[in-house]
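Here is what each chain is made of, one letter per residue.
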Amino acid sequence: YDAPRRQEVLNVISLEFSRTALAGQVVSPEFVRKRDWIDTAWPANLRAQGHWPQVQYYCLMSTAGCYTDFHVDFGGTAVWYHVFRGQKVFYLIKPTPENLKAYEAWICDAKQDSTFFPDTIGGPTECARVEINAGQTFFIPSGWLHAVLTPVDSLVFGGNFLPGLATVDLQLAVRDIEKRTHVKKEYTFPLFVPCLFFGLATALVRLKTTAAAAQLDTLVALTTREDNKDVDVSTTPAPLTAREHRGLAALIEACGAWAADEAACDDRERPFLTLAAEAAGCTSTTELVEAAREALAAVPEPKPKFTIKLQRGADDEAAPAPPPKVVFSPAASYGGARPGYVFMTGSKGLGYYMEGTEAPPAPAAAPPPPVPEEAPVRYRAGPAWDRMAPAPAPLDEDDAEFELAAAEERKRAAPRPRK
């Protein structure tokens, strides 16, 4: 590490230290601890016995020049990432269905090592570039594809977490990719199926508590007893959001399939499924799934708080028509430029016309050039001349006198032969 010239570029990215003394010195962000199913859904007694998904605390040590190619963290989990020393550069791609499909094809391609993944989805412009410097913490949402560059020697603390119902669909999609691409079990999220069953049990308890609280609110509103004013329902869980509702529906279907498939879990994991059912007051995983399905059916799917429409579909209301624009505004004189209008004299008179609605007036035709006065033409008689020009008009007395004087002058100026 201290050598002036390093022979190799070393990158330690899989050192999980939950069971070491370092665990007492590092704590994940509160934002993570309040949402991670490993903290909120996994039973504390199982954790005390040493049974839990150990993916929450990693120490990453990277020398300058390290690069981790594009990937999705196992199980589609989200990531928290704190740069203690050095710098990291992330290149991120949104996990759309099209991008995930292209990613799956890329990791199965024999030319993967020589193919830059963004080139398969439109080029590097599809990436978002994020620099994380020392002292900064970065969160990668569930399922996002990313690559990591280490410009300088770096020390990082981070971890993976399952943020709840809102992103379950992405976690299930990534798990399906791992299954189809035959990722080895040691490289997948440990205890993934049991953790999602405990998440389902927590969601069922939440639905029951929300329904009970709604009934209590109704009773408090209907009665006039004075002591009911002291009823505290501030601890009632918040109702499901639209994304959580869709996520829970996907989770119920997945857990139903796992409950019916003996091969979904190994012998070590299956007992945890029964414990998850018992945590929700059910006797079996099948009963847990059916109870969650019935509870969800009783909750209408909420509408999103806001919607961003990129384009209007056939079922959307038509947008109100814009106010009509003034095509012509009369003006006795030019009053300055007006954007989108031309000052001219058109079919409606002098004024401002909207661009493109009136053809500009044709420029005034230039007056014809004056015809130069022709010099008087003198005609001579003869057959050839008669064919080239019309016969001259007869000379009047002045012209005849002029011609006679000119002939006399030419005779005097002509040279005389010597004797």
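Nothing here was measured: the structure is a model prediction, and the numbers come from that model. (Residues numbered from 1 in each chain as written. Predicted model: local features only at pLDDT ≥ 70, side-chain atom pairs only at ≥ 80, totals over all residues. Heavy atoms only, no water.)

## Thoughts on the sheet that holds strand β12 (residues 349-354)
Stated precisely, the cut-off is as follows: Strands qualify as paired when DSSP identifies two bridges or more between them. Only DSSP runs of H or I reaching four residues or more are called helices, and only runs of E reaching two or more are called strands; each is numbered from the N terminus. Axis geometry follows a simple rule: fit a line to the C-alpha atoms, using only the stretch in contact for helices, then measure angles between N-to-C directions, giving values from 0 to 180 degrees.
Here 3 strands make up an open sheet; going across it, the order is β10-β12-β11 and the pairing antiparallel. The strands lining the two open edges of the sheet, one partner per strand, are β10 (328-330) and β11 (341-346). Each strand of the sheet is rotated relative to its neighbour by a mean of 35°, with strand direction disregarded. Examined bridge by bridge, β11 and β12 share 6 bridges and lie antiparallel to one another. Note that in β12 the partner of Val-342 across the bridge is Tyr-353.

## With respect to a nonpolar patch on the surface
Put simply, the rule reads: Patch criteria: residues need more than 30% relative accessible area and no salt bridge. Like-charged residues are merged within 9 Å; nonpolar side chains of Val, Leu, Ile, Met, Phe, Trp and Tyr are merged within 5 Å. To measure how exposed things are, a 1.4 Å probe is used in the Shrake-Rupley method; for residues, cover is taken only from the protein chains shown. Here, a salt bridge means any side-chain nitrogen of Lys or Arg that lies within 4 Å of a carboxyl oxygen of Asp or Glu.
Where nonpolar side chains cluster on the molecular surface, the patch consists of Val-12, Leu-15 and Met-61 and spans about 220 Å² of accessible area. Mapping Leu-15 onto the fold places it in strand β1 (residues 11-16).

## Section: the sheet that holds strand β8 (residues 145-149)
Heads up, the condition is: Whether two residues touch is decided by their heavy atoms; if any such pair falls within 4.5 Å, the residues are in contact.
Read from one edge to the other, the open sheet built from 4 strands follows the order β3-β8-β5-β6, with strand pairing classed as antiparallel. Looking at strand neighbours, the two that pair on one side only are β3 (67-71) and β6 (128-133), the edges of this open sheet. Averaged over all adjacent pairs, the angle separating strand axes in this sheet is 15°, with direction ignored. Here 5 bridges tie strand β5 (residues 87-93) to β8, and the two strands are oriented antiparallel to one another. Following the sheet pairing, Phe-90 is matched in β8 by Val-148. The strands touched by helix α4 (residues 97-107) within the sheet are β3, β5 and β8, with β3 carrying the most contacts at an inclination of about 120°.

## A few points about the packing of α4 against helix α5 (residues 168-180)
Which entries qualify depends on this criterion: Here is the rule for angles: anything less than 35 degrees is roughly parallel, anything more than 145 is roughly antiparallel, 65 through 115 is roughly perpendicular, and the remaining ranges are oblique. Each crossing gets its handedness from the near helix: less than a right angle anticlockwise from the far helix is left-handed, clockwise is right-handed. Each residue gets one of three labels, nonpolar for Ala, Val, Leu, Ile, Met, Phe, Trp, Tyr, Cys and Pro, charged for Asp, Glu, Lys and Arg, and polar for the others, Gly among them.
Between α4 and α5, the least distance of the axes is 11 Å, while the angle of their chain directions is 20°. One way to sum up the angle between α4 and α5 is to call them roughly parallel. The handedness of the crossing between α4 and α5 comes out as right-handed. Residues Leu-100, Glu-104 and Ile-107 of α4 form the contact with α5, whose own contacting residues are Leu-170, Ala-173, Ile-177 and Arg-180. Considering only residue class, the contact of α4 with α5 consists of 5 nonpolar, no polar and 2 charged.

## A short note on the nonpolar core
Note the cut-off: We call a set of buried residues a nonpolar core when its members are Ala, Val, Leu, Ile, Met, Phe, Trp, Tyr or Cys and they connect through side-chain atoms within 4.5 Å of each other. Here the term buried applies to any residue with accessible area under 20% of the maximum for its type, exposed to any over 50%, and partly exposed to those in between, with areas from a 1.4 Å probe on protein chains only.
Counting 58 residues, the largest nonpolar core has Leu-248 and Trp-258 as its most contacted members. With 11 residues, the single largest contributor to this core is helix α6 (residues 192-222). Residues in contact with Trp-258, not counting those within four places in the same chain, are Leu-172, Arg-175, Phe-192, Val-193, Leu-196, Phe-197, Ala-264 and Arg-270.

## Observations regarding helix α7 (residues 242-260)
This is how the line gets drawn: The span one expects for a helix is its residue count, reduced by one, times 1.5 Å.
Compared with an ideal rise of 1.5 Å per residue, which puts 19 residues at 27 Å, α7 spans 28 Å between its outermost C-alpha atoms and is within 8% of the ideal. Looking at α7, one finds that the buried residues are Ala-242, Glu-244, His-245, Gly-247, Leu-248, Leu-251, Ile-252, Ala-254, Cys-255, Trp-258 and Ala-259.

## With respect to helix α9 (residues 285-297)
We count it as follows: The arc in question is the one traced by the directions running from the helix axis out to the C-beta atoms.
Helix length check: α9 (13 residues) gives 18 Å between terminal C-alpha atoms against 18 Å at 1.5 Å per residue, within 8%. Turning to α9, its buried residues are Thr-285, Leu-288, Val-289, Ala-292, Ala-295 and Leu-296. The arc that holds every buried residue of α9, seen down its axis, measures 130°, which confines them to one face. In α9, the exposed positions that point more than 90 degrees away from the buried face belong to Glu-294 and Ala-297.

## So, unusual backbone geometry
The backbone phi angle of His-182 is positive, close to 60°, even though this residue is not glycine. Structurally, His-182 can be placed in the loop between α5 and α6. Backbone geometry places Leu-191, a non-glycine residue, at a positive phi of 55°.

## Regarding the side chain of Ser-28
By the element assignment, Ser-28 lies in the loop between β1 and α1 (30-33). With sequence-adjacent residues up to four places away left out, Ser-28 is seen in contact with Arg-33, Tyr-57 and Trp-80.

## Observations concerning the pattern of salt bridges
Scanning the model with the defined rule gives 12 salt bridges in all. Among the salt bridges present, the one from Arg-47 reaches Asp-39, with a minimum N-O distance of 3.9 Å. Across the salt bridge formed by Glu-104 and Arg-180, the nearest N and O atoms sit 2.8 Å from each other. Taken together, the positions of Glu-104 in helix α4 and Arg-180 in helix α5 put the pair 76 residues apart, joining distant regions of the chain. By relative accessible area, Glu-104 is classed as buried at 17%. Owing to a relative accessible area of 48%, Arg-180 belongs among the partly exposed residues under this scheme. Members of the salt-bridge network, linked through shared partners, are Lys-185, Asp-266 and Glu-269.

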